[in-house]
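Secondary and tertiary structure notes
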Amino acid sequence: MKYFLNIVFLCSNEAYWLYLGMAVLAGLAGLFFIYKKEGYKFFRSLFYLIGLGSLLLIAWQPGNFRPDTGKNILLLTSNFQEEKRDSLLEVLPDAEMLSFESVRTIQNLSNKFNSINKIHLLGDGLPESEWQFLENYPVDFYLNEKKSGTLSFDYSDPVLEKEIFYASGLYNNQGEKKKIILKTPEGKVDSVLLKKGLHSFKLKSRPKAAGQFEYNIIILDKNEKILNSNPFPVRVLTANSPHIFFLQNTPNFELKYIKNHLNNLGYRVTVKTGLTKGKTKTETFNHQQSVPSEFSVAYLNKIDLIITNGKTLSKMSNAQQQMLKKAIQAGLGLLLLPDAYLFSSDISGNNKKSFFNYDFKTNSKENILLQFSKTDSIKIKSWLFEPINSSGLIPVMKDAEGRILSAYRKSGKGRTGFHLFKKSYPLILSGKKTAYKKLWAEMLNPLLRRTETTRSWKIDPTSFAVNEPVLFYYFSKKTPEAGYYKNPQGDRIPFYWKEQPNQSGWWQGQFHPTETGTHIIYSTKEALRIQIPDTSAWKNLRTNRLLEKNKTFAQNFTPIKNNKILSSAPQPYPIWWFYLSFLFSAGLLWFFEKL
């Protein structure tokens, strides 16, 4: 087909040029004979060309070409606002209104319509799995505002027996005063009063026995009437919590926030800080173990990880450094925080490679994007260095360009590691507590003393609902065997492990519980019991999580292409008009011959 402006010619390309060539030859020949005769040359030439053009158009088969502008889709997701829907229908009366519940996937939507002009998304938004397909279309977002009730929730899991357990979150109270209570198998253990407005809350308890338990966050009105009872599973372990030793020459904010974070997790924490020459201050959290004034190998063997920096290490004597090396060989972990001393060529007069065996080169990129997953990332500043990836260096975290930001090296049974982030506590100050937790979990877990037993399992604390994937992790030096889990009816359902790329030794599995009750995971001769409670009362929390993620997606949304429009089939013009034009021209030419 050939196109001219908004006209399409339906004949084949070969016929188009053949008919055009024949018309040109016939036109030249006809004009030659007309001009050989006398009288009315102009009018005879004009009507001859009109008649010839009419025959040419009949052969070309002209038609109208009108592209289909596509459908406007009003896609209604959960809790959409009827006022917004009605307002849009007034502006777009021909729009197609569909609920995502009936469509189920964006791909089904694209199969339903030949062309889509724009999607108008209303409500709480779409599941993350649908976002990649939504990028094929222009989209207008009309998302809801945050609702009342629990907006966010997090808790420490697992928690150690007789250590502090924390449950915290954010609650939007739009009515009268309310009370939030933490209920455990031991009873109501803590509560917080909430006035009208947006409030953060933090509840705590100290479990007295190990096992699998169901805790509850209970919301009461001013008359002590239960409005909501929101259950969640908690694992209480009997194993000793990791003992982290902070060794710092002078106080600093970075170490303070790390210490507070680990303290909140229930870890045993010891902080030894230099005050003035010859004077130190020692603090202990979650334990009362005495700290000797001078290190000994016996004491260091009771610690799982030392966190220090190059400046502090430079103040150690050679004897103290050798003692530390010996403890690391026996299984102690060491995390060296970055400072100018880390990148210098010398620490305490000795070549640093003799102790750390690291080399660095300069890198000009300070602002980096650290990607935890496809939709989970943070922006953070780093030192302008990167390690030379020499033999035995095991990366823990990398940026998008492959630059190593955290790594460690095995040394006997222990490990020595470092990271290159300038400061991490601004994440907490800006409200990104979850990102802060993930960052430090990834850096610390590979360095802890390798004596993991019951602590080798861990669960993603944000997933514990029926019909939602539950992620769990297992530490093993060898590839664990494919396992299975049993639901409350005793059915065996297999699963497979996926190695974590940035966490050496950690493997991820998942299952989708379809009912409440106890689920038992079996693998490599060990088992993990997970209690899946009835989480219907958490609907508002999950709705707000979905809404918040969709709002973040909407802010960064860029369609892959402007439109997905398919052209409608061209319609031919009625050819009887061209026949009339040809007959009229032929008649006039006959008339001029008679004059």
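None of these values were measured; they are calculated from a predicted model.

**Points about helix α2 (residues 41-60)**
The end-to-end C-alpha separation of α2 is 28 Å, in line with the 28 Å expected for 20 residues at 1.5 Å each. Arg44, Ser45, Phe47, Gly51, Leu52, Ser54, Leu56, Ile58 and Trp60 are the residues of α2 that are buried. Positive backbone phi, approximately 60°, marks Gln61, located one or two places after α2.

**Regarding helix α10 (residues 318-329)**
Here α10 is 12 residues long and its end C-alpha atoms lie 17 Å apart, about the 16 Å a rise of 1.5 Å per residue gives. Those residues of α10 that fall on the buried side of the exposure criterion are Gln321, Leu324, Ala327 and Ile328. The arc enclosing the buried residues of α10, seen along the axis, measures out at 120°, which places them on a common side. Among the exposed residues of α10, those pointing more than 90 degrees away from its buried face are Ala319 and Lys326. Backbone geometry just downstream of α10 places Gly331 in the positive-phi region, at approximately 130°.

**Digging into the packing of aromatic side chains**
Tallied over the full model, the rule gives 19 aromatic pairs. Summarising the aromatic geometry, the rings of Phe32 and Phe33 are spaced 5.5 Å apart at their centres and angled 75° between planes, so their arrangement reads as edge-to-face. Geometrically, the ring pair formed by Phe245 and Tyr299 is edge-to-face, given 6.0 Å between the ring centres and 80° between the ring planes. Placement of the pair is Phe245 in strand β16 (residues 243-248) and Tyr299 in helix α8 (residues 297-300), with a sequence separation of 54 residues. Both residues of the pair, Phe245 and Tyr299, belong to the buried class. Clustering of aromatic rings is evident, with ring pairs tying together Trp131, Phe141, Phe553 and Phe557.

**So, the nonpolar core**
Counting residues in hydrophobic clusters, the biggest one holds 33 residues, and the most contacted among them are Phe246, Leu262, Ile307, Phe421, Leu439 and Trp440. With 6 residues, the top contributor of residues to this core is helix α12 (residues 433-444). Phe245, Ile303, Ile306 and Ile328 belong to the second largest nonpolar core, which has 24 residues in total.

**Digging into the environment of Lys178**
Locating Lys178 in the fold gives a position in strand β11 (residues 178-184). Residues Lys178 and Lys222 lie 44 residues apart in sequence; the distance between their C-alpha atoms is 5.7 Å. Polar contacts involving the side chain of Lys178 include one to the side chain of Asn173, which spans 2.7 Å.

**Details of the environment of Ile181**
Checked against the element boundaries, Ile181 lands in strand β11. Not counting the four nearest positions on each side in its chain, Ile181 is found in contact with Lys188, Asp190, Ser191, Leu203, Asn216, Ile217, Ile218 and Leu220.

**Focus on a nonpolar patch on the surface**
There is a patch of nonpolar side chains on the surface, built from Tyr40, Phe42, Phe43, Leu46 and Ile50 and spanning about 500 Å² of accessible area. Within the fold, Tyr40 resides in the loop between α1 (13-36) and α2.

**A few points about the sheet that holds strand β8 (residues 149-155)**
Pairing in this open sheet of 3 strands is antiparallel, and the strands run β8-β10-β13 from one edge to the other. Each edge of the sheet is formed by a strand with only one pairing partner; in this case those strands are β8 and β13 (197-205). Ignoring strand direction, the axes of neighbouring strands in this sheet form an average angle of 15°. Pairing analysis gives 6 bridges linking β8 to strand β10 (residues 165-173), with the strands arranged antiparallel. Following the sheet pairing, Phe153 is matched in β10 by Gly169.

**Considering the side chain of Asn72**
Relative to the elements of secondary structure, Asn72 occurs in strand β4 (residues 71-76). Only 3.2 Å separates the side chain of Asn72 from the side chain of Asn117, close enough to count as a polar contact.

**Regarding the sheet that holds strand β7 (residues 139-143)**
Pairing within the open sheet is parallel, and its 4 strands lie in the order β5-β4-β6-β7. Edge positions in the sheet fall to β5 (96-99) and β7, since each has one partner strand and no second. Looking at each pair of strands side by side, their axes are set apart by 20° on average, direction ignored. By the bridge criterion, 4 bridges tie β4 to β5 in an arrangement that is parallel. From the neighbouring strand, Leu74 faces β5, where its bridge partner is Met97.

**A few points about unusual backbone geometry**
The backbone of Gln61 shows a phi angle near 60°, a positive value even though the residue is not glycine. Here Gln61 lies in the loop between α2 and β3 (62-64). In this structure, Arg104 takes a positive phi of about 75° despite not being glycine. Relative to the elements of secondary structure, Arg104 occurs in the loop between α4 (100-103) and α5 (106-112). For Arg104, a relative accessible area of 61% translates into the label exposed.

**Re the confidence of the model for the protein**
When pLDDT is averaged along the protein, the result is 79, and 85% of the positions lie at 70 or above. Of the regions scoring below 50 in pLDDT, residues 562-568 engages in 21 contacts with residues more than four places distant in sequence or in other chains.

Thresholds, definitions, all that
Residues numbered from 1 in each chain as written. Predicted model: local features only at pLDDT ≥ 70, side-chain atom pairs only at ≥ 80, totals over all residues. Heavy atoms only, no water. Helix = DSSP H or I, 4+ residues; strand = E, 2+ residues; numbered from the N terminus. Expected span 1.5 Å × (residues − 1). Buried < 20%, exposed > 50% of the residue type's maximum accessible area, 1.4 Å probe, protein only. Arc of directions from axis to C-beta. Phe/Tyr/Trp six-rings, centres within 6.5 Å; stacked < 30°, edge-to-face > 60°. Core = buried A, V, L, I, M, F, W, Y, C linked by side-chain atoms within 4.5 Å. Polar contact = N/O pair within 3.5 Å; in protein donor to acceptor, adjacent residues only side chain to side chain. Contact = heavy atoms within 4.5 Å. Patch = residues over 30% accessible without salt bridge, like charges linked within 9 Å, V, L, I, M, F, W, Y side chains within 5 Å. Areas by Shrake-Rupley, 256 points an atom, 1.4 Å probe, with all protein chains shown as cover. Salt bridge = Lys/Arg side-chain N within 4 Å of Asp/Glu carboxyl O. Pairing = 2+ DSSP bridges. Axes fitted to C-alpha atoms, helices over the stretch in contact; angles between N-to-C directions. pLDDT = per-residue confidence, 0-100.

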